[in-house]
Amino acid sequence: AQSVTQLDSHVSVSEGTPVLLRCNYSSSYSPSLFWYVQHPNKGLQLLLKYTSAATLVKGINGFEAEFKKSETSFHLTKPSAHMSDAAEYFCVVRPPNTGNQFYFGTGTSLTVIP
Amino acid sequence: DGGITQSPKYLFRKEGQNVTLSCEQNLNHDAMYWYRQDPGQGLRLIYYSQIVNDFQKGDIAEGYSVSREKKESFPLTVTSAQKNPTAFYLCASSMGQRGNQPQHFGDGTRLSIL
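A few points about the overall build of chain A
Counting its secondary structure elements, chain A contains 0 helices and 12 strands. Mapped in sequence order, the helices and strands of chain A form the string β-β-β-β-β-β-β-β-β-β-β-β. Against the globule reference of 13 Å for 114 residues, chain A gives a C-alpha radius of gyration of 14 Å, in line with a compact fold. The principal-axis extent of the C-alpha atoms belonging to chain A is close to 45 × 30 × 20 Å. Within chain A, buried positions represent 45% of all 114 residues. Taking the intrachain contacts of chain A between residues at least 6 apart in sequence as the baseline, contacts between residues at least 24 apart amount to 55%. Measuring between centres, the 8 positive side-chain charges of chain A sit 9 Å from its 7 negative side-chain charges.

Here's the deal with the interface of chain A and chain B
Taken together, the contacts link 20 residues of chain A with 25 residues of chain B. Both sides of the chain A and chain B interface together cover about 1,800 Å² of buried area, and 48% of this is carbon and sulfur. Run the count over chain A and chain B and you get 1 salt bridge. A salt bridge links Asp107(B) to Lys42(A); the nearest nitrogen and oxygen atoms lie 3.9 Å apart.

Here's the deal with the environment of Phe63(A)
Residue and element names in this part refer to chain A. With respect to the element layout, Phe-63 can be found in the loop between strand E7 (56-58) and strand E8 (64-68). Residue classification places Phe-63 among the buried positions, given a relative accessible area of 2%. Distance from Phe-63 to Ala-81, taken between C-alpha atoms, is 9.7 Å for residues 18 residues apart in sequence. For Phe-63, the residues in contact, after removing those within four places along its chain, are Leu-47, Leu-48, Val-57, Lys-58, Leu-76, Thr-77, Lys-78, Asp-85 and Tyr-89.

As for the layout of surface pockets
In this model, the largest pocket occupies a volume close to 350 Å³. What lines the largest pocket is a set of 19 residues, among which Gln38(A), Glu88(A), Gln37(B), Gly40(B) and Gln41(B) lie closest to the centre. For the lining of the largest pocket, the secondary structure elements donating two or more residues are strand E10 (87-94) of chain A together with strand E9 (87-94) of chain B. Its residues assigned to classes, the lining of the largest pocket shows 5 nonpolar, 11 polar and 3 charged. In this structure, the second largest pocket spans a volume of roughly 230 Å³. Around the second largest pocket sit 16 residues that line it, and Phe102(A), Tyr103(A), Leu43(B), Leu45(B) and Asp59(B) are the ones nearest its centre.

Examining the environment of Ile60(B)
Here Ile60(B) is to be found in the loop between strand E6 (54-57) and strand E7 (64-66). Contacts of Ile60(B), omitting those with residues within four sequence positions, involve Arg36(B), Arg44(B), Leu45(B) and Ile46(B).

Some thoughts on the state of the cysteines
Residue and element names in this part refer to chain B. Applying the stated rule across the entire model yields 2 disulfides over all chains. The residue that forms a disulfide with Cys-23 is Cys-91, at a sulfur-sulfur distance of 1.9 Å. In this structure the cystine formed by Cys-23 and Cys-91 twists about its S-S bond by roughly -75 degrees; its chirality is therefore left-handed. Of the two residues, Cys-23 sits in strand E3 (residues 19-25) while Cys-91 sits in strand E9, which places them 68 residues apart along the sequence.

Description of a nonpolar patch on the surface
All names here are of chain B. On the surface, Tyr-10, Phe-12 and Leu-114 cluster together into a nonpolar patch covering about 360 Å² of accessible area. Following the sequence through the fold, Tyr-10 ends up in strand E2 (residues 10-13). Under the relative-accessibility criterion, Tyr-10 is labelled partly exposed at 47%.

Calculation notes
- Residues numbered from 1 in each chain as written.
- Chains lettered and ligands numbered in written order.
- Predicted model: local features only at pLDDT ≥ 70, side-chain atom pairs only at ≥ 80, totals over all residues.
- Heavy atoms only, no water.
- Helix = DSSP H or I, 4+ residues; strand = E, 2+ residues; numbered from the N terminus.
- Rg over C-alpha atoms; globule rule 2.2 N^0.38 Å.
- Buried < 20%, exposed > 50% of the residue type's maximum accessible area, 1.4 Å probe, protein only.
- Contact = heavy atoms within 4.5 Å.
- Lys, Arg positive; Asp, Glu negative; His and termini not counted.
- Charge placed at Lys NZ, Arg CZ, Asp CG, Glu CD.
- Buried area = accessible area lost by both parts, 1.4 Å probe.
- Salt bridge = Lys/Arg side-chain N within 4 Å of Asp/Glu carboxyl O.
- 1 Å grid on protein atoms, 1.4 Å probe; cavity = no way out; pocket = protein on both sides within 12 Å on 5 of 7 lines; lining within 4 Å.
- Points joined across faces, edges and corners; volume = space filled by probe spheres on them.
- Nonpolar A, V, L, I, M, F, W, Y, C, P; charged D, E, K, R; others polar.
- Disulfide = S-S within 2.5 Å.
- Patch = residues over 30% accessible without salt bridge, like charges linked within 9 Å, V, L, I, M, F, W, Y side chains within 5 Å.
- Areas by Shrake-Rupley, 256 points an atom, 1.4 Å probe, with all protein chains shown as cover.

Structure representation (structure tokens):
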């Protein structure tokens, strides 16, 4: 069975400090992994994706994530939080050979304190 | 610009009424999806379609119906059988089984009960 666990439902950071949003997955094979951001009353916007190339993936708005197979993790980081980063973040897994199935984490709400 | 268009942005339903949410994409994607999002929760899959004239139930299909007569369009009908329809509805598309491509999302439709 496939599953995605976002370890924190809420994260609060001060502006200018690092951001860490944690994601663990279970998959029989190396999946494709994605991080999305959602601002209020908006759709999901792709931040970055891992598709079995480099394990450190750089995305938009200064975000990056590292795929660690041994830990089945794909944590999202940013060196310095900006007020505009306050949003909901979703980790998504797409296992191989399962058609078009995508599995979503329950989301992490990021608050940035001025 | 290519993308996914959902309409209307806000929709109100009366008791016993069916309503239809529109989703159109010009990305030439094979697969399309409908998700429901409740406050503070992640996304739950209602229906998905991998090709024209074919669709499958997701995790919460009861009270909903879809059609896929054209590649670009995947409308969702919320029927009167859906007793708790108030939610944010998101439509997405993906390239299908080719490669490890992500989903692209529309900006959502917020449905409320009158």
